[in-house]
Each structure stands twice: as C-alpha cells, then as structure tokens.
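Summary of the model geometry
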Amino acid sequence: MVQQYQSPVRVYKHPFEMVMAAYEKRFPTCEMIPVFVGCDILSDVESEDKATHVVERRCKLNVDAPRLLKRMVGFDYIYFVQKNALNRKERSLKISAHNESFSSRVLVNETCQYTVHPDNPNWTCFEQTASMEIKSFFGFESTVEKIAMKQYTANIKKGKEIIEYYLNELQTNGVKYIPTWAEENPHLVASQSSSNSTVSTASNTLMEDLTEVFGNMNVFLLTDSHMPINYFGTSTDKLEEDYIEHILGVLQPIEESKLIQLRKWLADTHNGKIPRDDHILRFLRSRDFHFEKAKEFLCQSLSWRKQHQVDRILSNWKAPETLEKYYIGGWHHYGTDHRPIYVLRLGQMDTKGLLKSVGEEQILRHVIYIMEQGLQKCRESSVLRNKPMSSWTCLLDLEGLNMRHLWRPGVQALLRIIEVIEANYPETMARLLIVRSPRVFPVLWTLISPFIDEKTSSKFMMYTGTDYLECGGLVDYIPTEFIPDFLGGVSKCDIPEGGPVPKSLYKTEWEKGDGVALWEDTIYKSANVLKGAPHEVLVEVPERDCVITWDFDSVKGDVTFTLFHSTHPLGKNNVTNSSQVIAKHMTLGKDYTIMEAGIVCREGESVQGSHIARKPGSYVLQWKYHGGQPQSSTVQDVLYQVTHNPKSKVIYYHELLPSENFRGSMTSLESCQSAFSALSHVTTSS
C-alpha cells in the first residue's frame, strides 16, 4: 500500500528571514505539537561565511495510537531523522525526513522547502511532498495506515497555524525585520558583483566584436535573457493554497493533494491541455477523491467532449424552433444560496410529440446545451458573489404527469439522457426539488432510479400536495419573491408555455435521424483496435512538403501509433470492410518504411503530432493493440478478455495540409483542431 501527498503552495506574506526565525522556535520541542516530544542534534555544520547551515536531528514522536497496538508491537515512541539545509544566500530551506523506526516494514519519506515568492521578494512560499509505503506491520497494515494518515493530516493543518503564531510572537517582542545575508555581508556581495561585472564586460566586448564582424550579414545573435520564471502562471502542477480556498472552496489536505496530482497527470499526458480546476474537482468529488477512479471517469468524459465537440455547443448550435416552443424549461433567477435555478415542467411537456418531431438526438443535444449553460452561469455567479459556485438547483414540476409519459421510446430516451448526464456532468446539481408529483410517479421512479447514482439521488427532495409553500419547503431554497407563479408564487417564469406538438411537425424515422451519432458533423472518428488486427488509415500525399497532422485519444486500453510510407499505391490492397491498408505479403523495409517510430499511448492519454512529407506517395497512420490489461479493468473486463479477442479503442482526427499552406512555421499546424477548446483553460493561481 502506497500513499502519496502533494501540498498546494502555501504563501506567508512575510520575508524569508522572519519565517525562518519563526520556524526555529519549533525546536527542540513545541507545545503546539503534542506529538513532537523532543529531538537530538546528530550533526550541525555551518559555512565560514554563514551562508549555509545544515542541521540533522533525530526527532522523537509520541504517535496517537491505541495502547493495545503499542503493547503488541512493542513501542512507545517513533523516531524520525530530519535534515534541514538552510541557504541564507539563496534564501531557501530544504527539509528531508524519513522514519528510523520500523524502516524495514514501513517507509515514510517527506520533503519540504521554503523559498522566496517569485513575484514578491518579501513573501515566502512553502511546499511539501510525502510518501508512505506499508510493506507489512504484524497484520495491522490497514490500522497503521489510517492512524498515520490521520496524524499526518492533523499536522499539515497545524503547520501554518504554528508559523503564524510564532511570527506574531516575534512582532510582539519587537522583531519586525531581520536583515538578509546579503545585507549582513555587503563586502562579499560586492566582490561577487565585481567578478560578475568583469565577466559581463568581457562578454559585452565579445558581443560588440561579433556584431562588428557579422553586422552587415544580418546575423541575429541570440542571448540568454535571464528572465525570472513565473511558475505560478505557467506550471500546471502547482496551486496556491489561498487560490484553492477562495476559488474552489475549502478542501481537506488529502483532497488538495489529489487535485494537484490529477492536474499534473493530465498535463503530462495531454500536452499541457487540462480542463478547468472546478471541472476536475467535480469528478474527484464524484468518486470520493479516489485518484484512479476519478482519473478513469474524467478521461472518458474528456474524450466524449472532444469527439462530439461539446465545448462549441454554446456558440455553434441553436435549438430547433419546435424545441424552443414546446420544451417547457428555462433558467429562473437565483436561490437563497445564490445558485442558478433551472425550472422544468416535465408533467406539462408533450415528450411523445417532441420525440416524433425532432428526434432523440436533438433533445439530447438540447439538454447538453442547458448543462453547458449551467456551468457558465455557475462561473458567472462565482465571480459576482466572490464565492465558489459549481452546481445549481433544479425545480421539477410533475403536475400533469400520466401514463403517456411512460411511452416506451420516451422512457428509453430519458434513460439515455440520464446516462449521458451522469457520465459527463457529475456534481453539477446541488439539489432537485420535485413538486406536485402524481400517483404515477412511483412507476416512473422505479424505472429510472437504478440508473441514477446514489450520491445524486440523495439530493432529491420531494414535496407532495401544497406543503412546498410552507416553512421547510421551497422557501428554504428559493426566495419568496422568486417562487414561480404557476406554483402559487408571485414571480413570472419566463419559459415556453408548451402544449401538444402538432402532428403536422412529426417526421419519419429516417428524417429524425434515430440512431445517428450525437454530432453528425464531428471531425473525430472512433475505431476498435483488435489484437493482431491494427487499425490503419491511408493518406495519399500528392507532392513533397505536405504536412500530415494527427490528434487522437486512447479511450480504452493502450495502443502503439506508427506512421509508414510506401512509394507503391496501397489503395488497391485495402479489402472491403477491413481497417487494414498494409497487406500481409508486404515486407517492412522493402515495400514500406517507418517514418515516425511507434509511440505508446496509454489509456486516457491524448497525442497530437505532425510529419512533413519530404516525398510524395502513400502514407499510413497505424494504431496497433499494445498488450496488457486496460487500466479500467474490472472483474467483468478480465472475464471478457479471457473469452474474447483483446481490443483497445481510439478516437482520432487527421488532416493533410498542402505544401503552399506551410511555410516552415507552426502557424499552419496550430490551425488544426485543439484537444479540449474551452475546457483547455489552464487556471492561473496567482
């Protein structure tokens, strides 16, 4: 069992030297940390100029564990070895610690560092990482893990509080400023500056000579600008603690760690293109911050969004007139907690008429459009109220619900919509307020409840009769002035009146496009990659210097991607209903060659690339099954692998850019479709 922890960046709005003075007050003991009994110094080495100071301590901890466990295992205290490497010149402190007790059974490693804030030299940053591996512990592995995580989490919470306490104590005692090492040793700084000045002068003289020699040849000499790195604005694996609290909400230390780990994994596997932090957080919450489960869940959804271009729906799609007129739903003000409210009068809606007139796909698309609107309204409300907001309230009126709503195609369409929403919009509904439910509702609930997540169904609140207008009803969540008029309130609800859909608008099954993919114009295609039967795509390049670009995701399982070239025409080798272009009788190195060596794309990863075709001919994009079980394997998956041919699944898009459109710059390549569009927004934390 291995547990890992990665902290957000904690910022102290105090100079580094003041923070170090506060940190030193924790030794040899600290009353604010009862578990820390004391410590012995093993080594203490300081440089002559006092620029560096390295101290190694043996720390004694009284772990809060059951007395019975301590007796059975035979210990009273746990010992750790801590090494502090202070560099006053560079204004940094690096801390490393590992356990000495039970080191053959349990491995605990921790690293921390205090550094100067990159944007403000009078602020100090703190970061912390840790890992724990329990190999064996007398049969108490699970108990020890829980105790260790509980103790560690408590110490993390206490850490900032202790530093702030000692900083206040220093200021109360009159210590409000401590000189830096450079201020205390101006003669050393001056000598170093003189040395650097000499090097700089020599460098400048050399540059002037080179410029004089090559100036008429229009040669541009590139030099290192030595600009500071603003890693808070560009790095994708670091978040400030204050940013998390004010933008995403208060999280437990372990929850913060899982968010940072998942962001880093996404950045590493998706070329730096990651969704918004609040989007990632919703998927983590839906899986109780279980890293592997949330990762798999999120990757499936990102591939779905990418394949169906969901990020463009708000700007590129408009609902058919029939839906605008007969779909009885719309946004209606904000609740008492400032969450957006969506009103849906399902009981008054002619679901059968809508299905027969516009089809299931258009209704599903309209629902997704509404969900994207909800995400946008939550972001707007967060900015307006200066408070994290990631979910909304849905008011569902079921008056008029009857057996016609239980029409089998209608129920099937509803189940499909629920499936899509559950898979791609977790933790977006704060609560569902159900009013005026008729007697037929229990029948509908019996049909749909198995498809609704338990956490989601726990947010359903049902009101019968007219008690929803009393205390404990809608007024607890919706201000009185915003309760819709059709429910006995005073607020006019700006949603369509609906009514029966005229049969003249009904279309044939073919015209409705039943069974057609969600987005008929999607640029991405999907393919199953079987073991021993790769999926290949032929690209004919008419002239040299054309550019082949590709963008693909491995939705399930791992694949190996390779680009081949052949001077022989390959189109005639393609067999009907086969995804293979390269015939079995062809020989590698003779009939075709490798242009881009095979790269492995793991499940959930995204790959984008391009190749400049230096010669015309037939090029083949190949995705090949890469052994091993998919990461999302369950017991059912394993049984399936035994009885069926193993396979992976990819979604892909490729494009051939003519040579005249490519001038040696990346501009043409950047015109290709990006991975996530609006969701590919790297949130800055400063």
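Below you will find a few notes about this structure. All figures in this text were calculated on a predicted structure; none of them were measured in a lab.

A few points about the overall build of the protein
Counting its regular elements, the protein contains 20 helices and 21 strands. Per-residue burial for the protein yields a buried fraction of 47% across its 686 residues.

Some points on the pattern of salt bridges
What the rule picks out here adds up to 30 salt bridges. Between Arg88 and Glu46 there is a salt bridge, with its nearest N and O atoms 3.0 Å apart. Of this pair, Arg88 sits in the loop between strand 5 (78-87) and strand 6 (92-99) while Glu46 is found in strand 3 (residues 36-46), placing the two residues 42 residues apart along the sequence. Judged by relative accessible area, Arg88 falls into the partly exposed class, the value being 25%. Under the relative-accessibility criterion, Glu46 is labelled partly exposed at 36%. Salt-bridge contacts for Arg305 lead to Asp311; the nearest nitrogen and oxygen are separated by 2.7 Å. Judged by relative accessible area, which is 2%, Arg305 ranks as buried. A residue is classified by how much of its surface remains accessible, and Asp311, at 16% relative accessible area, is buried. Overlapping salt bridges, with partners in common, bring together Arg10, Lys160, Glu241 and Asp242 in one network.

Details of empty space enclosed by the protein
Think of a ball as big as a water molecule: rolled over the atoms, this probe shows where empty space is left. A full pass over the atoms with the stated rule returns three cavities of 30 Å³ or more. Surrounding the largest cavity, 49 residues form its lining, Leu61, Phe80, Glu110, Tyr152 and Asn155 being those nearest its centre. For the lining of the largest cavity, the secondary-structure elements that each account for two or more residues are strand 1 (2-6), strand 2 (10-12), strand 4 (52-61), strand 5, strand 6, strand 7 (106-116), strand 8 (124-134) and helix 3 (141-172). With 12 residues, the top contributor of residues to the lining of the largest cavity is helix 3.

Things to note about the nonpolar core
In terms of nonpolar packing, the biggest core is built from 64 residues, with Tyr327, Leu354, Ile368, Leu395, Tyr425, Leu474 and Leu487 touching the most fellow members. Broken down by secondary-structure element, the contributors of at least two residues to this core are helix 12 (321-326), strand 10 (340-344), helix 13 (351-358), helix 14 (360-385), strand 11 (392-397), helix 15 (408-424), strand 12 (429-435) and helix 16 (441-448). Per-element accounting of this core gives the leading share, nine residues, to helix 14. The residues contacting Tyr327, other than those within four sequence positions of it, are Thr322, Tyr342, Leu344, Met349, Leu354, His366, Val367, Ile370 and Pro496.

A few points about the sheet that holds strand 19 (residues 606-613)
In spatial order, the strands read 14-21-16-19; together these four strands make up an open sheet with antiparallel pairing. The sheet is open, and its two borders are formed by strand 14 (525-530) and strand 19, each paired with just one other strand. Within the sheet, the average angular offset between the axes of one strand and its neighbour, ignoring direction, is 30 degrees. Bridge analysis of strand 16 (residues 546-556) against strand 19 gives eight bridges, and the strand direction is antiparallel. Bridge pairing links Val547 to Ile612 in strand 19.

Focus: the pairing of strand 10
With five of five residues buried, strand 10 lies mostly within the body of the structure. Linking strand 9 (residues 329-334) to strand 10, which pair antiparallel, is a turn of five residues; within it His338 sits at a positive phi near 70 degrees. Pairing of strand 10 with strand 11 involves four bridges; the strand directions are parallel. Of the residues in strand 11, the one forming a bridge with Val343 is Leu395.

Section: the environment of Val501
Relative to the assigned elements, Val501 resides in the loop between strand 13 (460-463) and helix 18 (509-512). Distance in space between the C-alpha atoms of Val501 and Gly353 is 5.1 Å, their sequence separation being 148 residues. Those residues within four positions of Val501 in sequence are excluded, and the remaining contacts are Thr322, Tyr326, Asp350, Gly353, Leu354, Ser357 and Tyr506.

A word on the packing of helix 8 (residues 253-269) against helix 9 (residues 277-286)
Orientation of helix 8 relative to helix 9, taken along the N-to-C sense of each, is 115 degrees, at an axis distance of 10 Å. Seen from above, helix 8 lies across helix 9 with right-handed handedness. Packed against helix 8, whose contacting residues are Lys258, Leu259, Leu262, Arg263 and Leu266, the element helix 9 presents Asp277, Ile280, Leu281 and Leu284 at the interface. Counted by class, the contact of helix 8 with helix 9 contains six nonpolar, no polar and three charged residues.

Some details on the sheet that holds strand 17 (residues 558-566)
As summarised here, the arrangement of the four strands in space is 15-20-17-18, forming an open sheet in which the pairing is antiparallel. Two strands lie at the open edges of the sheet, namely strand 15 (535-541) and strand 18 (593-601), each paired on one side alone. Ignoring which end each strand starts from, the neighbouring axes of this sheet average 15 degrees apart.

Thoughts on helix 15
The end-to-end C-alpha distance of helix 15, which contains 17 residues, comes to 25 Å, matching closely the 24 Å that a straight helix rising 1.5 Å per residue would cover. Its buried side turned inward, helix 15 meets helix 9, helix 10 (291-308), helix 13, helix 14 and helix 16.

A look at unusual backbone geometry
Put simply, Phe27 and Pro28 share a cis peptide bond, and its omega is 0 degrees. For Pro28, the position within the fold is in the loop between helix 1 (16-24) and strand 3. Even without a glycine there, the phi angle at Phe289 is positive, about 60 degrees. Relative to the helices and strands, Phe289 resides in the loop between helix 9 and helix 10. Even without being a glycine, Gln309 presents a positive backbone phi close to 55 degrees. Considering the arrangement of structural elements, one finds Gln309 in the loop between helix 10 and helix 11 (313-316). According to the relative accessible area criterion, Gln309 is buried, its value standing at 13%.

Rules of the game
Residues numbered from 1 in each chain as written. Predicted model: local features only at pLDDT ≥ 70, side-chain atom pairs only at ≥ 80, totals over all residues. Heavy atoms only, no water. Helix = DSSP H or I, 4+ residues; strand = E, 2+ residues; numbered from the N terminus. Buried < 20%, exposed > 50% of the residue type's maximum accessible area, 1.4 Å probe, protein only. Salt bridge = Lys/Arg side-chain N within 4 Å of Asp/Glu carboxyl O. 1 Å grid on protein atoms, 1.4 Å probe; cavity = no way out; pocket = protein on both sides within 12 Å on 5 of 7 lines; lining within 4 Å. Points joined across faces, edges and corners; volume = space filled by probe spheres on them. Core = buried A, V, L, I, M, F, W, Y, C linked by side-chain atoms within 4.5 Å. Contact = heavy atoms within 4.5 Å. Pairing = 2+ DSSP bridges. Axes fitted to C-alpha atoms, helices over the stretch in contact; angles between N-to-C directions. Left-handed = near helix turned anticlockwise from the far one by under 90°. Nonpolar A, V, L, I, M, F, W, Y, C, P; charged D, E, K, R; others polar. Expected span 1.5 Å × (residues − 1).

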